[in-house]
Amino acid sequence: MVEGAPYGRIAVVTGAARGVGAAVARRLALRGMRVALLGRELDSLRQVAAGLPTEAHCFEVDVTDEAALQGAALSVGARLGPASVVIANAGIAAAGPFAACEASLFDRVVEVNLIGSANTARVFLPQLARTRGYFLQVASTAAFGSAPLMSAYCASKAGVESFAQALRTEVRPAGVGVGIAYLHWTGTDMIAALDDHPVLRALRSHQPAPARRVHSPERVAGWLVRGVERRAVSIYAPPWLRLVQPLRPVLPLVVSVVARRSLSALPAEELERTTGVLGAGGAADLRARGAVPPVPPVPPVTPPQT
């Protein structure tokens, strides 16, 4: 993908066990790139790797575990060579009122989406500097206008956008490119769960017809990989989203008005019933963390007073 010669170069994709991550890995492999697949579900990663036409290696790793991620980066370099493309795609989501969401779940969404992306950049930047490569941060239109009942997800996606913008300027002297991908409705299991939520379903129903359309992971992957080939600063999936950028100052107000109407029609019990993690990826993350003894809650502490 660098200097117009994709063949034999190395791509790293996080969150590659399914959905957009798996589809991007397939597209990159079809362009001759060897691929490192990173994720929480080793069996699923192996299934994706088995269908690729080029060499692929799988690494079961939690992107929030910097030491483990550093080990994966070293293994990628040793087995395949230094990465020339790194796609920070790993992410989870949770829906429901902020007050009803467990603090640990809120924190985990931010940790995976934001801290995990920063960890991914940190451990692979030395390789990207060697190859003068390209880092793609997968964001969302959730960074455009924050939707109620998705506070952790929206905060994390706004955070990764700002992180990538800052990183871009810092690493430009080293010849490393940084892009941000803005994804809208994409046909993953996360979206299926969103449509089961009454308010989020209502928010989507109030969007114009083109904005309601759900695009397959394969089609989204095509847009992303074309952006990778151009080392694009911004990638929009679908492409018409670039027309929305000038309207970003008014989008939070529009979302707020529509959300208030939808929220007012629903009882609080209905909102709490649909609170929790979304999609198989988020469920897999929670299952993997279930093997770790839970941290007991910290009792309130009275601060020093005068």
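In case you missed it, the structure is sitting above this.
In short, a report on the structure. Note that the structure is predicted; figures quoted are calculated from it, not measured. (Residues numbered from 1 in each chain as written. Predicted model: local features only at pLDDT ≥ 70, side-chain atom pairs only at ≥ 80, totals over all residues. Heavy atoms only, no water.)

Attention now moves to the overall build of the protein. The helix and strand inventory of the protein stands at 12 helices and nine strands. A total of 306 residues make up the protein; the buried ones form 51% of that total. Carbon and sulfur atoms make up 58% of the accessible area of the protein, which amounts to about 14,200 Å² in all. (Helix = DSSP H or I, 4+ residues; strand = E, 2+ residues; numbered from the N terminus. Buried < 20%, exposed > 50% of the residue type's maximum accessible area, 1.4 Å probe, protein only. Areas by Shrake-Rupley, 256 points an atom, 1.4 Å probe, with all protein chains shown as cover.)

Quick look at a nonpolar patch on the surface now. A contiguous nonpolar surface patch, about 250 Å² in accessible area, is contributed by Leu247, Val250 and Val254. Within the secondary structure layout, Val250 lies in the loop between strand S8 (234–237) and helix H10 (251–264). Judged by its relative accessible area of 46%, Val250 falls in the partly exposed class. (Patch = residues over 30% accessible without salt bridge, like charges linked within 9 Å, V, L, I, M, F, W, Y side chains within 5 Å. Salt bridge = Lys/Arg side-chain N within 4 Å of Asp/Glu carboxyl O.)

Turning next to the packing of helix H4 (residues 103–131) against helix H5 (residues 151–171). Where H4 contacts H5, the two axes come as close as 8 Å, and the packing angle between them is 20 degrees. Relative to H5, H4 is oriented roughly parallel. Considering how the two elements wind past one another, H4 and H5 form a crossing that is right-handed. In contact with Phe106, Val109, Val110, Asn113, Leu114, Ser117, Ala118, Ala121 and Leu125 of H4, H5 contributes Ser151, Ala152, Tyr153, Ser156, Lys157, Gly159, Val160, Phe163, Leu167 and Val171. Here the contact of H4 with H5 is built from residues that sort into 13 nonpolar, five polar and one charged. (Axes fitted to C-alpha atoms, helices over the stretch in contact; angles between N-to-C directions. Parallel < 35°, antiparallel > 145°, perpendicular 65-115°, else oblique. Left-handed = near helix turned anticlockwise from the far one by under 90°. Contact = heavy atoms within 4.5 Å. Nonpolar A, V, L, I, M, F, W, Y, C, P; charged D, E, K, R; others polar.)

As enumerated under the stated definition, the model contains three aromatic pairs in all. Ring geometry for Phe98 versus Phe106: centroids 5.4 Å apart, planes at 80 degrees, classification edge-to-face. (Phe/Tyr/Trp six-rings, centres within 6.5 Å; stacked < 30°, edge-to-face > 60°.)

The subject of this paragraph is the environment of Arg34. If you trace the backbone, Arg34 turns up in strand S2 (residues 34–39). Judged by its relative accessible area of 24%, Arg34 is partly exposed. Sequence spacing of Arg34 and Leu80 is 46 residues, and the spatial spacing of their C-alpha atoms is 7.6 Å. A distance of 3.4 Å separates a polar atom in the side chain of Arg34 from a polar atom in the side chain of Glu55. (Polar contact = N/O pair within 3.5 Å; in protein donor to acceptor, adjacent residues only side chain to side chain.)

A word on the side chain of Asn113. Its location among the elements puts Asn113 in helix H4. Classification of Asn113 as buried rests on a relative accessible area of 1%. Of the polar contacts made by the side chain of Asn113, one reaches the side chain of Ser156; its length is 3.0 Å. Dropping the residues within four chain positions of it, Asn113 is found in contact with Ala90, Gly91, Ile92, Tyr153, Ser156, Lys157 and Val160.

Bringing a positive patch on the surface into the picture now. Together, Arg213, Arg219, Arg226, Arg230 and Arg242 make up a positively charged patch on the protein surface. Checked against the element boundaries, Arg213 lands in the loop between helix H8 (209–212) and helix H9 (217–230). For Arg213, a relative accessible area of 47% translates into the label partly exposed. (Lys, Arg positive; Asp, Glu negative; His and termini not counted. Charge placed at Lys NZ, Arg CZ, Asp CG, Glu CD.)

It is worth spelling out the nonpolar core at this point. Within the largest apolar cluster, 50 residues are counted, with the highest numbers of intra-cluster contacts made by Val12, Leu38, Val76, Phe124 and Phe135. Of all hydrophobic cores here, the second largest spans 35 residues; its members include Ala17, Met33, Tyr134 and Ala221. (Core = buried A, V, L, I, M, F, W, Y, C linked by side-chain atoms within 4.5 Å.)

Let us look at the pairing of strand S3 (residues 56–60). The sheet contact formed by S2 and S3 spans five bridges and is parallel. In the strand pairing of S3, Ala36 is matched with His57. Taken together, S2, helix H2 (residues 42–50) and S3 form a β-α-β motif whose crossover is right-handed. (Pairing = 2+ DSSP bridges. Right-handed = clockwise from strand over helix to strand, strands pointing away.)

A word on H4. The first and last C-alpha atoms of H4 sit 40 Å apart over 29 residues, in line with the 42 Å expected at 1.5 Å per residue. The largest bend along H4 reaches roughly 50 degrees and is located at Leu125, with the proline Pro126 sitting one to four residues downstream. Following H4 by one or two positions, Arg132 has its phi on the positive side, about 50 degrees. (Expected span 1.5 Å × (residues − 1). Bend = angle between axes of the 7 residues up to and from the residue.)

Now for the sheet that holds strand S6 (residues 134–140). Pairing is parallel in the open sheet, where seven strands are placed in the order S3-S2-S1-S4-S6-S7-S8. Single-partner strands in this sheet number two, and they are S3 and S8. When the angles between neighbouring strand axes are averaged without regard to direction, this sheet yields 15 degrees. Strand contacts of helix H3 (residues 66–79): strand S1 (10–14), S2 and S3, with the helix running at about 165 degrees to S3, the strand carrying the most contacts. Seen against the sheet, H5 touches S6 and strand S7 (177–183) and runs at an angle of roughly 160 degrees to S7.

Scope: geometric values only; no functional claims are made or implied.
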